[in-house]
Structures are given as C-alpha cells and as structure tokens.
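# Structure at a glance
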Amino acid sequence: MQKKLRTGIAILFGMLLISALLWKNINSTTEISHDLFALKNPKSVTRITFSPNNPKQSYLVLEKIKGRWMVRNKNNTYPADTLSLNQLLFWAMPNLQVKSPIPDAMKDMVTKDIGLNGTKVIFSIGDQEIHTFFVGYASATQESTYMYFPETERPCEITLPGFAGYLTPYFNTNIDLWRSIFLVETSLPEITSLHVIWPNAPENSFTIKQDDDKTQLFNEKNQLVTANQSLVAGYLDLCKTLPREAGESAGINKNKEAANKIRNDTPMIVFEYTFKHAPKQIIYLHRMDLSGETYSLESRTGELKSKETELFWAHSASDKTLWVVQEIALRNRLRTLANFSRSMPETQSHRLVQ
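Our subject in this report is the structure included herewith. These numbers were taken from a predicted model, which means no experiment stands behind them.

Counting its regular elements, the protein chain contains seven helices and 19 strands. Classification of the 354 residues of the protein chain by burial places 42% in the buried group. Put simply, 60% of the contacts in the protein chain that link residues at least 6 apart link residues at least 24 apart. Counting only carbon and sulfur atoms, one obtains 53% of the accessible surface of the protein chain, whose full area is about 20,300 Å².

As structure tokens, then:
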C-alpha cells in the first residue's frame, strides 16, 4: 500500500515537473508566466506604438502631449478617442493572461505568420520602452490571440478573462478607429465665440460671445440682442462638444465626385468656433440625401421626401472627411436667434429652415 502511495506521489510530482518545464523558456532566462504579457503600470504610459511587420501597412502612434492623447501616422495627427484608449490601457492590457504556449506542431506556422503579418506593440514612458510584444491573429476558436514576447522560446495563446473573443482588433493601425468621435471637443471657458449660421435663412443666424464670464448674444448684423441668459449659457455649454458616429469614415469618401458634391452644396447650418488657445474651427452640416424613395409621415398626398431627417453629413474646414452625424446629437444644437428670446426652451424643427 505504501509502495503504491509512493508511486502515485512520484507520478504526480513528475507531471507537475513536466508542466512547469512546458511553461519555461528552455533557450533563455525569460520564463512564460501567466501574466507575462500584462501591462503592470498603465497609468505611467505616455506613448503606445503599433508597428506592423507587413511593410504595406502604416505605423500608428498614440501619445499623450500636454495632458491630451493624440493619434498620428505618417500622414496625419488627430485628437485620440480616449474611451477606446482607456479600454486598451486600463481594461485589456493589465488583464492579459497566457492560456498556453503554442505546441510544437503549430510553433513554426504561428511564428512565421507573426513575423510576416504581426504587429509590434511598444508601451513607453517618454522615450523609454517599458513593455513590448508582438500581436498575431486569432486562434482557431477565435477565443484567444496568438502573441509573442521577445526572448521567449515560442508564441503563446493569450486570453482576457471574462471576454469571449480575440484581441487583435485592439491593436489595429487604422487611424480613423482611434480618432476622437468629437468633431468639436473643448472646455466652456476656452470658447470666446460661437457663430451659428443658417445660410438659407440669415435672419436666424446669431453669435454668442463670451468674455470674463460675461455671455452676450448678437444677431447676424452683429447687434446686441436682449436674451434669456440661462438659455444662451446652456446652449454654449452644450456646444462645447459635437459628436459624430463612431467607427471608420463613411464609404462616400472613397467616391471623390460624390463627396465633393456634398461639400460644395450649401450647408444646412455652419458652426464657427473661436478659442482662447486653439485655431478657429468651422463645422459644416449638410442634409443627407435619401438612399431610396421614402414618403414623409406628415404627408397625406404621397409627397416624396428628398432628404433624411435623422442623419446628416458633417465635415470641418480643416478636414474634408465626411462623417455621419445623427439627428439626436444635433436636436438641441439646431437653434435660431428667436429661440433665445423665449422663456421656455423650444427645439428647432428641421422643417423651419430648409
């Protein structure tokens, strides 16, 4: 009985020893621990670099500059989407776990693919690299991701506890997916004036000027207008941000003729911002043509609508990219001069100004 017990203990000890050896790098001093890929101190990071091994793809850099995250590639620099960035830094990266090292049968294939098509990911504090690894494609089950840590003997399958899926999309190099979803994003004190222009109804246009905590309303002739101060202040506070739909830019941007037609048409409304410490910013909003025949709900005579009421095109003076903006994001921003002289807020109907 004791001999069987000793034999069982020896077998168990041997199995544990073999398992430990599988997790150890036999060619270097770097061991494959369960949290080898996890980022230990995400708050200290000031730069993230995505460098594809495929030379046909562009690099991408996310960098904190004067307290604000920016995203850039070889062609452009934009404010970054801090929500997506924080998900990567504070949710995904600290919790990466090694599911298992790649078995011998797959080692060469996975290593080769990461070498050809993987992305080198570098987390830095200033110019000092603190955490680097390579990201490959999804596993066969698409519930883990192949990654390689420098100086280890083989790639590993990496998972994120509580997340059913693979992590490659979190390390993409598409700059549009990392850009801020806000066409305008500032603080209220930073705004010195907001000029709202209705090109097809100039009498509805107005300007809000702010100086030393004094907010004033002017008409299209730059004449001071007596107005409900709470409405004016509330409107300016609302307009410190202007969101668009998240994701890549609209497909129409690939059709130069169609995109230029929209940009060259008279906009529905124009927002002109001036700031204390930033360049002037101009946002143009255009009604979106219907994609098919749609009848107005208000019409009983079968009158065809030609424009959407819930979707708009938007672009800035400095960036010609067309973005989709939803009506719900604009509802309380589509105001006219008359709205501010009333005691109660009243939403501007799209039918009033064509």
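By the definition in use, this model includes 15 aromatic pairs. Centre to centre, the rings of F206 and Y235 are 5.7 Å apart; their planes meet at 65°, and the pair counts as edge-to-face. Here F206, found in strand β12 (residues 206–211), pairs with Y235, found in helix α5 (residues 229–238); they are 29 residues apart in sequence, far enough to count as distant. No difference in accessibility class separates F206 from Y235, as the two residues are buried. Arranged with centres 5.3 Å apart and planes meeting at 80°, the rings of Y235 and F340 form a pair that is edge-to-face. With Y235 in helix α5 and F340 in the segment after α7 (327–330), this pair connects stretches of sequence that are 105 residues apart. Considered together, Y235 and F340 belong to a single accessibility category, that of buried residues. Pairwise contacts between aromatic rings join F37, F50, F123, F133, F149, F171 and W178 into one cluster.

On to the layout of surface pockets, then. Looking at the largest pocket, its volume works out to about 720 Å³. Residue lining of the largest pocket: 29 residues in total, with R68, P79, L183, Q281 and S318 positioned closest to the centre. Of all the elements in the fold, those that place two or more residues in the lining of the largest pocket are β4 (77–79), β10 (182–185), β17 (281–295) and β18 (304–316). Take the lining of the largest pocket: its biggest share by element is four residues, from β10. Of the residues contributing to the lining of the largest pocket, the split by class is 12 nonpolar, 10 polar and seven charged.

Attention now moves to the sheet that holds strand β2 (residues 60–65). Taken together, nine strands build an open sheet; the order of strands is β4-β3-β2-β1-β6-β7-β8-β9-β5 and the sheet is antiparallel. Of all strands in the sheet, those bounded by a partner on one side alone are β4 and β5 (97–101). Here the strands of the sheet are splayed against their neighbours by 30° on average, with no regard to which way each runs. For β2 and strand β3 (residues 68–72), the ladder comprises five bridges, and the chain directions are antiparallel. In the sheet register, K64 faces β3, and the bridge partner there is W69. Most of the contacts of helix α2 (residues 82–92) go to strand β1 (residues 47–52), to which it runs at about 95°, and overall it touches β1, β2, β3 and β6 (119–125).

This part takes up α2. Within the span of α2, buried status applies to L85, L88, L89 and A92. Taken end-on, α2 shows its buried residues confined to a sector of 130°, consistent with a single buried face. Contact partners of the buried residues in α2: β1, β2, β3, β6 and α4 (175–178). Sitting at the head of α2, D81 places a side-chain oxygen 3.2 Å from the backbone nitrogen of L83.

The subject of this paragraph is the pattern of salt bridges. In total, this model carries 13 salt bridges according to the counting rule given. Notably, a salt bridge pairs R47 with E63, separated by 3.4 Å at the nearest N-O pair. Of this pair, R47 sits in strand β1 while E63 sits in strand β2, placing them 16 residues apart in sequence. On the accessibility criterion, E63 (17% relative accessible area) is buried. The salt bridge involving D265 is made with K261; its shortest N-O contact spans 3.8 Å. The partly exposed category is assigned to D265, whose relative accessible area is 36%. It is possible to trace a salt-bridge network through shared partners that takes in R47, E63, R72 and D127.

Definitions and limits used
Residue indices follow the written sequence of each chain, beginning from 1 at its first position. Under the rules for a predicted model, residues below a pLDDT of 70 receive no local features and side-chain atom pairs below 80 are neither given nor counted, while totals for whole chains, interfaces and linings still include all residues. Only heavy atoms go into the side-chain values, all of them from the structure, while hydrogens and water stay out. Put simply, DSSP marks the helices as runs of H or I at least four residues long and the strands as runs of E at least two long, and each gets a number from the N terminus on. Note on exposure labels: buried denotes an accessible area under 20% of the residue type's maximum, exposed denotes more than 50%, and partly exposed covers the range between, all computed with a 1.4 Å probe on protein chains only. The criterion used for residue contact is that any of the two residues' heavy atoms lie within 4.5 Å. The Shrake-Rupley method, run with a 1.4 Å probe, gives the accessible areas here. Residue values count only the displayed protein chains as cover. The aromatic pairing rule takes the rings of Phe, Tyr and Trp, using the six-membered ring of Trp, and pairs them if the centres are within 6.5 Å, calling planes under 30 degrees apart stacked, those over 60 edge-to-face and the rest tilted. The way it works is a 1 Å grid over only the protein atoms, where trapped points that fit a 1.4 Å probe form a cavity and open points with protein on both sides within 12 Å along at least five of seven lines form a pocket, and then any residue with an atom within 4 Å of a point lines it. Grid points are joined across faces, edges and corners, and a volume is the space filled by probe spheres set on the points. Think of it as three bins: nonpolar holds Ala, Val, Leu, Ile, Met, Phe, Trp, Tyr, Cys and Pro, charged holds Asp, Glu, Lys and Arg, and polar takes everything else, Gly as well. Two strands pair under a simple rule: DSSP has to find at least two bridges between them. Angles run from 0 to 180 degrees between N-to-C directions of axes, and those axes are lines fitted to C-alpha atoms, restricted for helices to the stretch in contact. What the arc covers is the set of directions going from the helix axis to the C-beta atoms. N or O atoms within 3.5 Å of each other form a polar contact, as long as, within protein, one can give a hydrogen and the other can take it, and as long as residues adjacent in sequence are counted only when both atoms are side-chain atoms. Whenever a carboxyl oxygen of Asp or Glu lies within 4 Å of a side-chain nitrogen of Lys or Arg, that contact is scored as a salt bridge.

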